[in-house]
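Residues per chain are reported as follows:
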Amino acid sequence: MRELALLVVAIMALVGAAFMPGGAIDSATDGAETLAAGTTAMRPTPPDMRAGRDDRYSAWVAGATELVRAPNGHFYADAAVDGASLEFLVDTGASVVALTGTDARTAGLVWSAADVRPVARGASGPVHGVEVSLDRVTLGGHEARNVRAVIVPEGLPVSLLGQSFLTTIQPVRIAGDRMVLGE
């Protein structure tokens, strides 16, 4: 009798594991759908289905944003800062988002000359600007809140999309002449 009870428990555990979301049945049908579509790429499993509890979930939902390399070798992206559309050079070597004075004004940011101070060190010496936090930065389906940034009122020819935003998107990879942000 005890063996029968253990067998029933084992069968229930196996059936439960097979039919639970993300279990063996879902995995098998995902693979069949992928093969039927004629592709070998598997759809990623969401890291955490509780939206708001894990930033990786937001990145998974957003999907991938693909950027094409410009003739000058750089990648550029149109992103929104607090609702204002701006053009950025994607700079994986920049620690934070850096806005030109013009772009910062377009995004509704205000500062005074008294706020400007050394905020970073560049190849040609200290970089003067104003440290700020951007409420919202959006690129494609990716959105980040409270993004560290600096406003560089003079001397920066184009705004830079740096690591304070890029680290909210995983992965960031370059394949040939394309930069892919997210999955």
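One can find the structure itself at the top, above this paragraph.
Residues numbered from 1 in each chain as written. Predicted model: local features only at pLDDT ≥ 70, side-chain atom pairs only at ≥ 80, totals over all residues. Heavy atoms only, no water.

**What to know about unusual backbone geometry**
Logical step 1: Between Gln170 and the following residue, Pro171, the backbone shows a cis peptide bond with an omega angle of -10°.
Logical step 2: The topology assignment puts Pro171 in the loop between helix 5 (163-166) and strand 9 (172-175).
Logical step 3: Backbone geometry at Asp82 places phi at a positive 50°, although glycine is not the residue there.
Logical step 4: You will see that Asn146, though not glycine, has its phi angle at about 50°, which is positive.
Logical step 5: Inspection of the secondary structure puts Asn146 in strand 7 (residues 142-152).
Logical step 6: Looking at Asn146, the relative accessible area reads 57%, which means it is exposed. (Helix = DSSP H or I, 4+ residues; strand = E, 2+ residues; numbered from the N terminus. Buried < 20%, exposed > 50% of the residue type's maximum accessible area, 1.4 Å probe, protein only.)

**So, the nonpolar core**
Logical step 1: Ranked by size, the top nonpolar core spans 29 residues in total, and within it Phe88, Val90, Val97, Leu99, Leu134, Leu161 and Phe165 carry the most contacts.
Logical step 2: Those elements that provide at least two residues to this core are strand 2 (76-81), strand 3 (84-90), strand 4 (97-100), strand 6 (125-139), strand 7, helix 5 and strand 10 (178-181).
Logical step 3: What Val97 contacts, discounting residues up to four positions off in sequence, is Phe88, Leu134, Val147, Arg148, Ala149, Val150, Leu160, Leu161, Gly162, Ser164 and Phe165.
Logical step 4: Judged by nonpolar contacts, the second largest core, of 6 residues, contains Leu89, Val96, Val152 and Leu160. (Core = buried A, V, L, I, M, F, W, Y, C linked by side-chain atoms within 4.5 Å. Contact = heavy atoms within 4.5 Å.)

**Focus on the environment of Asp177**
Logical step 1: Looking at the element boundaries, Asp177 is found in the loop between strand 9 and strand 10.
Logical step 2: Expressed as a C-alpha distance, the spacing of Asp177 and Phe75, which sit 102 residues apart in the sequence, is 9.0 Å.
Logical step 3: Filtering out sequence-adjacent residues up to four positions away, Asp177 remains in contact with Leu67, Val68, Arg69 and Phe75.

**Re the pattern of salt bridges**
Logical step 1: Tallied over the full model, the rule gives 4 salt bridges.
Logical step 2: Linking Glu66 and Arg178 is a salt bridge whose minimum nitrogen-to-oxygen distance equals 3.2 Å. Residue Glu66 is located in strand 1 (residues 65-68), and its partner Arg178 is located in strand 10; the two are separated by 112 residues in the primary sequence.
Logical step 3: Linking Arg117 and Glu131 is a salt bridge whose minimum nitrogen-to-oxygen distance equals 2.7 Å. One end of the pair, Arg117, is in strand 5 (residues 117-122); the other, Glu131, is in strand 6, and 14 residues separate them in sequence.
Logical step 4: A relative accessible area of 41% places Arg117 in the partly exposed class. (Salt bridge = Lys/Arg side-chain N within 4 Å of Asp/Glu carboxyl O.)

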